[in-house]
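Here's the letter readout for the chains.
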Amino acid sequence: MEKPKLQITPKKYSGESSVISMRLPKDMLRDIDAVAEETGRTRNEIMLLSMEFALDNMEIRKTGSNTGEWREKIWQL
């Protein structure tokens, strides 16, 4: 039987960090704290993982300048 291995991937973002202030709905913060409690991670880790996921998977939709039609641009980092 093969031994299970702990797989650790490098962080996508590293280096110097910045402290920011952000307003969140109280019920969203309760949900974030519940996930942190369930997973044994910190609130900060959950928020960073969530923001990284959002940046990697978001679509930005813009209106065409002359036609008024919607066009899609996939955000790629």
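For every chain, the first residue of its written sequence is number 1, and the numbers climb from 1 along that sequence. The predicted nature of this model means local features are confined to residues of pLDDT at least 70 and side-chain atom pairs, given and counted, to a pLDDT of 80 or more, with totals for whole chains, interfaces and linings taken over all residues. Side-chain descriptors were evaluated using all non-hydrogen atoms of the structure, hydrogens and water having been removed beforehand.

K.L.:
Could you clarify how one ought to interpret helix α1 (residues 26-39) in this entry?
P.N.:
What sets the pattern is the α-helix's 3.6 residues per turn: residues three or four places apart point alike. Look at α1: 20 Å from first C-alpha to last across 14 residues, which is about the 20 Å you get at 1.5 Å a residue. Once α1 ends, the next one or two residues include G40, with phi positive near 75°. Under the scheme used here, helices are H or I runs from DSSP no shorter than 4 residues and strands are E runs no shorter than 2 residues, and both carry numbers assigned from the N terminus. Helices are assigned an expected span. That span is 1.5 Å times one less than the residue count.

K.L.:
I keep staring at the layout of surface pockets and nothing clicks. Help me out?
P.N.:
Sizing a probe to match a water molecule and rolling it over the atoms shows the empty space that remains. Buriedness for pockets is judged along seven lines, at least five of which must meet protein on both sides within 12 Å for an open set on the 1 Å grid over protein atoms alone, while cavities are sets there where a 1.4 Å probe fits but cannot get out, and lining residues have an atom within 4 Å of a point. Grid points are joined across faces, edges and corners, and a volume is the space filled by probe spheres set on the points. Taken as a whole, the largest pocket holds about 1000 Å³ of empty space. Along the wall of the largest pocket there are 23 residues; nearest its centre are Y13, N44, E45, L48 and L49. Classes in brief: Ala, Val, Leu, Ile, Met, Phe, Trp, Tyr, Cys and Pro nonpolar; Asp, Glu, Lys and Arg charged; the others, Gly included, polar. For the lining of the largest pocket, the per-class residue count stands at 10 nonpolar, seven polar and six charged.

K.L.:
In this structure, what is going on with the pattern of salt bridges? I would like to understand it.
P.N.:
By salt bridge we mean one thing: a side-chain nitrogen of Lys or Arg within 4 Å of a carboxyl oxygen of Asp or Glu. Evaluated as defined, the whole model comprises four salt bridges. Here R41 makes a salt bridge to E45, at a shortest N to O gap of 3.6 Å. By relative accessible area, R41 is classed as partly exposed at 41%. Buried, partly exposed and exposed residues are distinguished by accessible area as a fraction of the type maximum, computed with a 1.4 Å probe on protein chains only: under 20%, between the cut-offs, and over 50%, respectively.

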